[in-house]
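Residue-level listing of the chains:
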Amino acid sequence: MPGVATAADPVGLLARPYWYRTLPADADVHRLDGGVFAVTGNRTVQEALAHPDIVAEHPLKASARAFGPNVLDADGAEHRAFRALLAPILSAGRVDAYKRTLMPGLVEALVDSVLDSECDDFHATHAHKVPYGIVCTILGIDPALEDRFHTLTRPLARLLDYPTEETEQTHTNVDELLRLIEEQRTAGRGDGRSLLETIEQTRDRRGISLTDAEVRSTALLFFLAGTETSSAFITSLVYCMGRGLFGLDELHDPAVRDDFVEEALRLYPPVQTIVRFASEDLALGGVRIPRHSAVLASIAGANRDPRVFAHPDRFDLSRSRKGSIPFAVGAHACPGALLAKTEFSLLVADLVERCADIAVTRDRRRAASQSFSHPSAFAVRFTAK
Ligand code: HEM
């Protein structure tokens, strides 16, 4: 069969960061053991994510079982209803308002906390502060509960990985988070514009028929998607700044800063692998994929495809990034992309404004996780001006 490159143990293979590199480069679709297909090339990953018969919903998907019905695990009309609930909170106008009122204070506090210090594990101790501050406010969650939400949410990242690490603890955390979300919803915090309040209003106005449980699980999914992706990527950003790849001064220029964020997103996309399923027999990249097969689309592989990006592993601010898809494509493409990029640009601007130097002082060159990936096992020092 053309394009079928290898059979391998999917669980062992996919547990490795950058798993796409271990598959033969001359094929885009690889049949693994256990009815799993891995998709690695840029064009074919994009085709898979936009394919009408490659769907998100699967009754055995760990995230669907843990969270209940939610935006990430739905297709068709139900998925559109979930997206409609979220749209008002993530509009360009709202993001502009968050940029002026909400984000600067959070960014400033984070930079204050790292100046003239060395962080041994930036991801564990600092990277979450801005994203959790933003998403708690947007959701209308009491800021006093931020740490509690962080402690409960972080382990849930493993539920979106493939292979999934599903434990009694992750289920207990989901139950507790759903309980807290319900408690906050009934407490009616916020200014009438929070996610929880907007959801109520949008449902009434547009007649969206979702149960209370579906609304709660979508709020939880929104929380996870908005915090852990950004925490992972802020870790990557700081890592790239600290590696001395270019002078920090260059990042004062907003256009260079945007290129920097985009290039870091290409090289370190926090969502490395997207899990989908074939709802029908279909062909992709010349390979027949039987109905019900799992289809794993490698965003990391797509973003480092040498047919699209010359010297793909090289950090190059001047390259064209057409084809870079850190936020995915298709119906599930990230609705928070604008918010995320605004947050990252503000953070980088504040860091270069106030730091004379950022230096990675120890680097064991490891990467963590598939769903919320970031360089790990490095230390970084921030020297104030
Ligand atoms: C570095 C930052 C981020 C990256 C790289 C990222 C990436 C992605 C990707 C690749 C998906 C598609 C997942 C799939 O199809 O299985 C996604 C979905 C999603 N993201 Fe993001 N995201 C980021 C930040 C955010 C933020 C800040 C928010 C909200 C505040 C957000 C909300 C969502 C939601 C709700 C979904 C589900 C959409 C759907 O299933 O239709 N994300 N994100």
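Refer to the structure printed above.
Summarised in this report is the structure supplied together with it. This is a predicted model, so every value here is computed, not measured.

### Overview of the overall build of the protein chain
The helix and strand inventory of the protein chain stands at 15 helices and ten strands. Relative to its length of 385 residues, the protein chain is compact, with a C-alpha radius of gyration of 21 Å against a globular reference of 21 Å. Looking at the protein chain residue by residue over its 385 residues, the buried ones come to 47%. Across the protein chain, contacts joining residues at least 24 apart in sequence account for 71% of those joining residues at least 6 apart.

### Things to note about the site of the ligand
Ala225, Gly226, His332, Cys334 and Gly336 are the nearest of the 24 residues found near the ligand. At the level of elements, helix H4 (76–86), helix H12 (212–242) and helix H15 (337–354) are the ones that each hand at least two residues to the shell around the ligand. When residues of the shell around the ligand are assigned to their parent elements, the largest contribution, six residues, is made by H12. Broken down by class, the residue content of the shell around the ligand amounts to 18 nonpolar, five polar and one charged.

### Thoughts on the sheet that holds strand S1 (residues 29–32)
Neighbouring strands of a sheet are bound in pairs by backbone hydrogen bonds; such pairs are parallel or else antiparallel. Here we have five strands laid out as an open sheet, ordered S1-S2-S8-S5-S3, and mixed in their pairing. Pairing within the sheet leaves two strands with one partner each, and these edge strands are S1 and strand S3 (54–55). By the bridge criterion, two bridges tie S3 to strand S5 (residues 273–278) in an arrangement that is antiparallel. Its bridge partner lying in S5, Val55 is registered against Phe277. Each of S1, strand S2 (36–39), S3, S5 and strand S8 (294–298) touches helix H2 (residues 42–50); the most contacted strand, S8, lies at about 130° to it.

### Structural notes on the nonpolar core
Ranked by internal contacts, the top residues of the largest apolar core, which has 114 residues, are Val39 and Val295. For this core, the leading source of residues is H12, giving 16 residues. Beyond its immediate stretch of four places on either side in the chain, Val39 contacts Asp28, Val29, Thr44, Val45, Ala48, Leu284, Val295, Leu296, Ala297 and Ser298.

### Considering the environment of Cys240
Mapped onto the elements of the fold, Cys240 is located in helix H12. With 119 residues separating them along the chain, Cys240 and Ala359 place their C-alpha atoms 9.5 Å apart. Discounting chain neighbours no more than four positions away, the residues touching Cys240 are Leu245, Ala264 and Phe315.

### Observations concerning the packing of helix H10 (residues 168–187) against H12
Here H10 crosses H12 at 110°, and the two axes come no closer than 10 Å. If you check the angle between H10 and H12, you find them roughly perpendicular. Contacts between H10 and H12 involve Leu177, Leu178, Ile181 and Glu182 on the former and, on the latter, Arg216, Ala219 and Leu220.

### Re the pairing of S8
Taking burial as the measure, the five residues of S8 include five buried ones, the bulk of the element. Bridge count for S2 against S8 is four bridges, and the pairing is parallel. Across the sheet, the residue bridging to Val39 is Ala297, located in S8. Where S5 lies against S8, five bridges are found, and the strand directions are antiparallel. Across the sheet, Val275 pairs through a bridge with Leu296, a residue of S8.

### Observations regarding H10
The terminal C-alpha atoms of H10 lie 29 Å apart, and with 20 residues this matches the ideal 28 Å at 1.5 Å per residue to within 8%. Within H10, the full set of buried residues consists of Val174, Leu177, Ile181, Gln184 and Arg185. Viewed end-on, H10 has its buried residues packed into an arc of 100°, placing them on one side of the element. Exposed positions of H10 whose direction lies more than 90 degrees from the buried face are Glu168, Thr172, Asp175, Arg179, Glu183, Thr186 and Ala187.

### Comments concerning the packing of helix H13 (residues 254–267) against H15
At a closest axis distance of 10 Å, the pairing of H13 and H15 adopts a crossing angle of 120°. Classified by the interaxial angle, the pair formed by H13 and H15 is oblique. Crossing angle aside, the handedness with which H13 passes H15 is right-handed. Residue-level contacts link Arg257, Asp258, Phe260 and Val261 of H13 to Lys341, Phe344, Ser345, Val348 and Ala349 of H15.

### Quick notes on the pairing of S1
The alternating pattern of S1 places Val29 and Arg31 and His30 and Leu32 on opposite faces, both of which are buried. Taken together, the four bridges between S1 and S2 define a ladder with antiparallel strand orientation. Within the sheet, the bridge partner assigned to His30 lies in S2 and is Ala38. Between S1 and S2, which follow one another and run antiparallel, lie three residues, and Gly34 among them has a positive phi close to 75°.

### Overview of the environment of Asp313
Following the sequence through the fold, Asp313 ends up in the loop between helix H14 (299–303) and H15. For the pair Asp313 and Arg266, spaced 47 residues apart in sequence, the C-alpha to C-alpha distance is 9.7 Å.

Scoring rules and cut-offs
- Residues numbered from 1 in each chain as written.
- Predicted model: local features only at pLDDT ≥ 70, side-chain atom pairs only at ≥ 80, totals over all residues.
- Helix = DSSP H or I, 4+ residues; strand = E, 2+ residues; numbered from the N terminus.
- Rg over C-alpha atoms; globule rule 2.2 N^0.38 Å.
- Buried ≥ 20, exposed ≤ 12 C-beta atoms within 10 Å, placed from the backbone.
- Contact = placed C-beta atoms within 7 Å.
- Near = placed C-beta within 6 Å.
- Nonpolar A, V, L, I, M, F, W, Y, C, P; charged D, E, K, R; others polar.
- Pairing = 2+ DSSP bridges.
- Axes fitted to C-alpha atoms, helices over the stretch in contact; angles between N-to-C directions.
- Core = buried A, V, L, I, M, F, W, Y, C linked by C-beta atoms within 7 Å.
- Parallel < 35°, antiparallel > 145°, perpendicular 65-115°, else oblique.
- Expected span 1.5 Å × (residues − 1).
- Arc of directions from axis to C-beta.
- Left-handed = near helix turned anticlockwise from the far one by under 90°.

Just distances and angles here, no functional claims.
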